[in-house]
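These are the residues of each chain, in order.
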Amino acid sequence: MCSVALSFVPPVSSRAATLPDARARELLLRLLSSDPGKRATARIGIVQAGDETMLPALVDSLFFAPAEARDDVVSCLEGLSGQRLGAKYRTWFEWIGAHEEVRPAPWYGSWKAGLFARIDPVFGSFLDPSLPSRIRLEEILWGGVKKDGIPALRDPPVIPGSEARYLDPSETVFGITLKGVSRAYPQRILDWHEMANDSIAGEPFVLSYCTLCGAAIAYSTGRPDGPPHVFGSSGLLYRSNKLMYDEATLSLWSNLTGEPVVGQLVGKNLALELLPLTVTTWEDWKTRHPDTTVLAPKTGFTRDYTPGAAYGKYFASPETMFPVWKRDPVLSPKTTVFAIRRAGRAKAYPLDLLFRERVVNDVIGSDELVLTADPSSGAVRAYRRDGLWFTEGPGGLLLEPSTGALWECGEDSLTPMRLAEKSGSPRALQRVAGHRAFWFGWYAFFPDTLLYEGCSPSQSGG
């Protein structure tokens, strides 16, 4: 991938006033024309005007430009920016992302909506400039499919775990337990759907899985004032993270934050409740939950549900599939972390480090937490520890050394099993929701995140 220049050296002509909306749009349309004469006059007009607010629109135009017009668009980008970054859309997209000081023209939203509507008319509705937005529209890009091109599951068929002969014991599943009822969602199926609207024991939720940033997240979707939210995949991305939409309003929501980011629900103080989700092996999940149900392989869609068929090559590659401009070189981009947000604070724990230490006692803000990691199954769970300190115990249990109490790591809570006489009667400790993500995806949204770097032997739970 091309490196991205981070300096911004505008030409002297950029001091000129911004172009009138109609004139700027006219020039852009001529720039994308099949007529070389029209493109030439448009190119000269854009560069001479020196209106750098056109840069975001030019980056989007580069993506949609016919082959014969690409050099003309690049000439305009170079002339207005003072950069020489070549002809790759990805490189220019990352550059504009890194330069938040380059503000788009007032007409930019409608221009982008019109361009994206060429792919799918619904994209024009998603990006309607009259709608409020919490994110930079410049950073929204097409994910390669139309709305619902990755079809969400809705009340998918399930079977008893004892009948799931199609699953190998070592396969990865996403497990969730609500009101004591457990269900598993095989990764090989969710790779193709990325969204499951479901309910367990009367509790509605959505399992939203962004394959690009490796984040499977469960959110409660119940509402006190109406039916549950139902979500689908919009086909659009923001910082290489999927933007989901709700069926009722077509508002765009962030997969990583569970909040509406573009649309009529922005500003309504809405945020989906994060639910604990466990990424583990099928063998581990069914051993812990022998009465679990699991998705049936007959989903109603025709897909190759062979493990790795959808994204195996992407997961094995160190490269990202789409542009990513906000990076941190401390970890390689696709290092998997276990991420937690508590009271406005974010912290990421490299998965390989958790698997080495197995038990980590930590603090995020004012919250005292303990994380337990099982390298054999890949499962990581986090709990409140309320002043207690834990080490690794026998058989997957946690030990609280000061009392001799053994604690069981459940899906809802950390529960005392056997107590020393002096230990009293401690209560169960609540599980804290967290999830896996690739480092680049997490950092792009939470650049102020804390990064766990390991503890000394005297502090380690292992």
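Structural notes, computed from the coordinates. Keep in mind that what you see is a predicted model, and the values were worked out from it rather than measured.

### Notes on the overall build of the protein
Okay, step 1: Helix and strand content of the protein: 12 helices and 27 strands.
Okay, step 2: By the compact-globule yardstick of 23 Å for 462 residues, the protein fits well, its C-alpha radius of gyration being 25 Å.
Okay, step 3: Expressed along its principal axes, the backbone C-alpha trace of the protein runs to roughly 85 × 50 × 40 Å.
Okay, step 4: Across the 462 residues in the protein, those meeting the buried criterion constitute 55%.
Okay, step 5: In the protein, the share of contacts with a sequence separation of at least 24, taken over all contacts with a separation of at least 6, comes to 63%.
Okay, step 6: When the accessible surface of the protein is summed, it comes to about 19700 Å², and 51% of that surface belongs to carbon and sulfur atoms.
Okay, step 7: Side-chain charges of the protein comprise 49 positive and 52 negative groups, with the mean position of each set lying 3 Å from the other.

### Brief notes about the sheet that holds strand E7 (residues 203-210)
Two orientations exist for strands paired in a sheet by backbone hydrogen bonds: parallel and antiparallel.
Okay, step 1: Strands sit in the order E2-E6-E7-E8-E13 across an open sheet of 5 strands; the sheet is mixed. In this open sheet, the two strands that pair with only one neighbour each are strand E2 (153-154) and strand E13 (273-275).
Okay, step 2: Relative to E13, strand E8 (residues 215-220) runs antiparallel, the two being bridged by 3 bridges. Its bridge partner being in E13, Ala 218 is matched across the sheet by Leu 275.

### So, the state of the cysteines
Okay, step 1: Throughout the structure, instances matching the rule amount to 0 disulfides.
Okay, step 2: A disulfide-free cysteine, Cys 210 has its sulfur positioned 3.3 Å from the sulfur of Cys 213, the nearest such atom.

### Brief notes about unusual backbone geometry
Okay, step 1: With a phi close to 50°, Ala 343 is a non-glycine residue in the positive phi region.
Okay, step 2: Note that Ala 343 resides in the loop between strand E16 (336-342) and strand E17 (345-350).
Okay, step 3: Positive phi values are uncommon outside glycine, yet Arg 358 reaches one of about 70°.
Okay, step 4: Position of Arg 358 relative to the elements: it lies in the loop between helix H11 (351-357) and strand E18 (359-364).
Okay, step 5: What makes Arg 358 partly exposed here is its relative accessible area of 33%.

Cut-offs used in this document
- Position numbers for residues start from 1 in each chain and track the written sequence from start to end.
- Owing to the predicted nature of the model, reporting of local features is limited to residues with pLDDT of at least 70; listing and counting of side-chain atom pairs is limited to 80 or more, with chain, interface and lining totals taken over all residues.
- As a rule here, side-chain values come from all non-hydrogen atoms in the structure, and water together with hydrogens is ignored.
- Labels follow the DSSP assignment, with helices taken as runs of H or I lasting at least four residues and strands as runs of E lasting at least two, numbered in each case from the N terminus.
- In this setup the radius of gyration rests on C-alpha atoms only. A globule is expected at 2.2 Å times the number of residues raised to 0.38.
- Each residue is placed in one exposure class: buried if its accessible area under a 1.4 Å probe, protein chains only, is under 20% of its type's maximum, exposed if it is over 50%, and partly exposed if it falls in between.
- The contact rule is simple, with two residues in contact once any of their heavy atoms fall within 4.5 Å.
- For every accessible area listed, the method is Shrake-Rupley and the probe measures 1.4 Å; residues are considered covered only by the protein chains on display.
- In summary, the charge assignment counts Lys and Arg as positive and Asp and Glu as negative, without counting His or the chain termini.
- One atom stands in for each charge, and that atom is NZ of Lys, CZ of Arg, CG of Asp or CD of Glu.
- At least two DSSP bridges between two strands are required for those strands to pair.
- Cysteine sulfur atoms are paired as a disulfide whenever they fall within 2.5 Å.

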